[in-house]
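Listed below are the residues making up each chain.
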Amino acid sequence: MKRFFKPIEKECSAKKPALSPSKKDGETTETSSEENSKKDPLKFVTWNANSLLLRVKNNWPEFSNFITTFDPDVIALQEVRMPAAGSKDAPKNHQELKDDTKASREEKLILMRALSSPPFKNYQIWWSLADSNSVFHFLLSALKYEPDGRVILAEFETFYLLNTYAPNNGWKEEENSFQRRRKWDKRIQEFVLQCSGKPLIWCGDLNVSHEEIDVSHPEFFAAAKLNGYVPPNKEDWGQPGFTIAERKRFGAILKEGRLIDAYRFLHKEKDMDCGFSWSGNPIGKYRGKRMRIDYFIVSEELKDRIIACEMQGHGIELEGFYGSDHCPVSLELSEASSDSEKKEKKNLDV
């Protein structure tokens, strides 16, 4: 998150991790007067990087150019695949990268050099790491920690910002497959219903395509199987992320939480070129098979502030995916209305 934003801190907040990269003595971060006047972030990017280290090694100039051009206030990345600090069989520090071996120190150095260079040096960095697979967020205030490193929650003056990496549903009725995803969806639903007082912006890889319009080939995904296995419950049939059961639970979360899918709010029709955030392997039966599983979900109170929400990649050749199988998704909001403007609008509506 851009350094000039100030979140709301609470005594119950998790201990702040060290910020890295940090400013050197005497160094100042240049911000425009327009940026300094912002109360809360207005421009956001979410991206499942599918290994941040590989993206740094192979695709960083292109991704850096995108960030420079779009200039988001918040960048949220998932699937970093960097382990948390801590030796084997010892408690892990989920807010620091592992660096107790030669290999891990070299990997950390490569990563931090990239994040210390423009445009990323203008951001504060917050980690939410698991023992091996991890989620990485440019967020300012980590309020809660989820054991798998899948969640960061930040509170600002006018909204909460929740970034999640939802577990894949898998293919079978097993503890680490269907059962895990059901538990995850239940926890998310409980959180959404308990989240009150401020609107919510929920972003990340949510690993579900809500409607048929959200996949390129609905019949293909609905009939997908792994090694011929057919789950006993028909609602669990099909591609993970496109089963009836997952889609129903996601729909219930949106309805009961009074939440809006920002992209679909603006884009009512199917877009076979730019309407998906995940694409299958360009070689094999999944070539050209695409899904929209990365989102910005916002509370209904924020829908009138949505300026734009876009998939930043397109085509079956994965242009704008920067080496990942997911493309970045962006959201732009307008400034929050003042109390007097809200009152004036209410009077006009009456």
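Our subject is the structure that appears above.
Now for a description of the structure that goes with this document. Small disclaimer: the values here were computed from a predicted structure and weren't measured.

This brings us to the pattern of salt bridges. Under the defined criterion, the tally for this structure stands at 15 salt bridges. With a closest N to O distance of 2.7 Å, Arg-249 and Asp-185 form a salt bridge. Separated by 64 residues along the polypeptide, Arg-249 in helix H7 (residues 244–256) and Asp-185 in helix H5 (residues 178–194) bring together distant segments of the chain. On the basis of relative accessibility, which here comes to 5%, the residue Asp-185 falls in the buried class. One salt-bridge network, in which partners are shared between bridges, spans Arg-181, Asp-185, Glu-246 and Arg-249.

To continue, consider the sheet that holds strand E13 (residues 294–299). Pairing between the strands of a sheet is mediated by backbone hydrogen bonds and can be parallel or antiparallel. Reading across the sheet, the five strands line up as E7-E8-E9-E13-E10 and stay open at both edges, with mixed pairing between neighbours. Bordering the open sheet on either side are strand E7 (151–155) and strand E10 (259–261), each of which pairs with just one other strand. Averaged over neighbouring strand pairs, the angle between their axes works out to 20 degrees when direction is ignored. The sheet contact formed by E10 and E13 spans three bridges and is antiparallel. Bridge pairing in E13 places Asp-261 opposite Ile-297. Together, E7, strand E8 (160–165), strand E9 (200–205) and E10 form the strand contacts of H5, whose direction differs from that of E8 by roughly 180 degrees.

A word on the environment of Leu-254. You can see Leu-254 is positioned in helix H7. Once the C-alpha coordinates of Leu-254 and Ser-299 are considered, the two residues, 45 residues apart in sequence, prove to be 9.0 Å apart. Setting aside residues up to four positions removed in sequence, Leu-254 forms contacts with His-210, Leu-259 and Ile-297.

Rules used throughout
- Residues numbered from 1 in each chain as written.
- Predicted model: local features only at pLDDT ≥ 70, side-chain atom pairs only at ≥ 80, totals over all residues.
- Heavy atoms only, no water.
- Salt bridge = Lys/Arg side-chain N within 4 Å of Asp/Glu carboxyl O.
- Helix = DSSP H or I, 4+ residues; strand = E, 2+ residues; numbered from the N terminus.
- Buried < 20%, exposed > 50% of the residue type's maximum accessible area, 1.4 Å probe, protein only.
- Pairing = 2+ DSSP bridges.
- Axes fitted to C-alpha atoms, helices over the stretch in contact; angles between N-to-C directions.
- Contact = heavy atoms within 4.5 Å.

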